[in-house]
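Spelled out, the chains give:
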Amino acid sequence: MRSSWNFRQGHKPRGTQILWIIFGLVVAMFFFTRRVLVSLHVGGWAKDMDQPTYQWVLDHQTPSLQGISDFLYFWGSTPGMTMIMLVLTGLLCWWTRSVWPLATVAFTALVSVLLTVILKSSLQVIRPQGIPGGPAPPESYSFPSGHTLNAAALIGIASYLAIVYGLQRYASLISIIAALFVLAMGASRIYIGHHWVSDVVVGLLIGAAWAAVVAILHFYFVPRKPVVRDPSRGSVNP
């Protein structure tokens, strides 16, 4: 059953209205990215924040924060994020008895990775040099943070799917946990000296915007039926 969410009371949004919302999100996403790049090249908040924050990180290394950052470093990497998403997607497919969660997550992942690769290779921002004794920074370019972008996109869409497919009563809790995980992921990338603040901020916004675009497409164009559990049989009855 499709959602009955309305733009105005009694009026279901048209396809053109949905496309305009998506277009607006995409334009806003790339406009902000451009503004950050201008700030980095000619001066502004991004340039003024990046180097002082990196210096603060170098001066405030502690074993406990390094341990947390190392933990997030793995779970934000390709193997770690793949394991997280396989578990979450598998649970969603089992709960709904549908392949739509898998297709939605796969589409989100494909485009978020492409965005990361294209933006890094096109913009070619040099990374900071890491921290003494920490993991060596990758040889790829810095802007935007791929860990943060992909975490925001994938955790965001997984949270949306969990809520829309039956966990509405836990929407606030799921949203808070997802937001804290993504923010901690971005902060850890700064703390281990692999990214500038501007890399993480833009990665976060692009990832969240892409998750929003996919969520809108799913919300209006993927047929859904209510998921009802039969306690006596332990099965799903659509």
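Further up the page is the structure itself.
These numbers come from a predicted model, not from an experiment. (Residues numbered from 1 in each chain as written. Predicted model: local features only at pLDDT ≥ 70, side-chain atom pairs only at ≥ 80, totals over all residues. Heavy atoms only, no water.)

Caption draft 1: Molecular detail of the environment of Met49. Along the chain, Met49 turns up in helix α2 (residues 45-59). With relative accessibility at 36%, the residue Met49 sits in the partly exposed group. (Helix = DSSP H or I, 4+ residues; strand = E, 2+ residues; numbered from the N terminus. Buried < 20%, exposed > 50% of the residue type's maximum accessible area, 1.4 Å probe, protein only.)

Caption draft 2: Structural context of a nonpolar patch on the surface. A contiguous nonpolar patch, built from Leu167, Tyr170, Leu173 and Ile177 and spanning about 380 Å² of accessible area, is present on the exposed surface. Position of Tyr170 relative to the elements: it lies in the loop between α6 (146-164) and α7 (171-191). Exposure remark for Tyr170: the relative accessible area of 42% places this residue in the partly exposed category. (Patch = residues over 30% accessible without salt bridge, like charges linked within 9 Å, V, L, I, M, F, W, Y side chains within 5 Å. Areas by Shrake-Rupley, 256 points an atom, 1.4 Å probe, with all protein chains shown as cover. Salt bridge = Lys/Arg side-chain N within 4 Å of Asp/Glu carboxyl O.)

Caption draft 3: Quick peek at the packing of aromatic side chains. For the structure on display, the rule yields 6 aromatic pairs. Taken together, Phe71, Phe74 and Trp75 form an aromatic cluster joined through their ring pairs. (Phe/Tyr/Trp six-rings, centres within 6.5 Å; stacked < 30°, edge-to-face > 60°.)

Caption draft 4: Geometry of helix α8 (residues 197-221). Compared with an ideal rise of 1.5 Å per residue, which puts 25 residues at 36 Å, α8 spans 36 Å between its outermost C-alpha atoms and is within 8% of the ideal. Counting buried positions along α8 yields 18 of 25 residues, so the element is predominantly enclosed. (Expected span 1.5 Å × (residues − 1).)

Caption draft 5: Quick peek at the nonpolar core. Among the nonpolar cores identified, the biggest contains 32 residues, and Met81, Met85, Ile155, Tyr160 and Phe181 are the most heavily contacted of them. Only α4 (78-96), α6, α7 and α8 provide two or more residues apiece to this core. In terms of residue count, the dominant contributor to this core is α6 (12 residues). Excluding residues within four positions of it along the chain, Ile155 makes contact with Met81, Ile84, Met85, Asn150, Ala178, Phe181 and Val182. Core analysis: the second largest hydrophobic core is formed by 9 residues, Leu149, Trp196, Val202 and Ile206 among them. (Core = buried A, V, L, I, M, F, W, Y, C linked by side-chain atoms within 4.5 Å. Contact = heavy atoms within 4.5 Å.)

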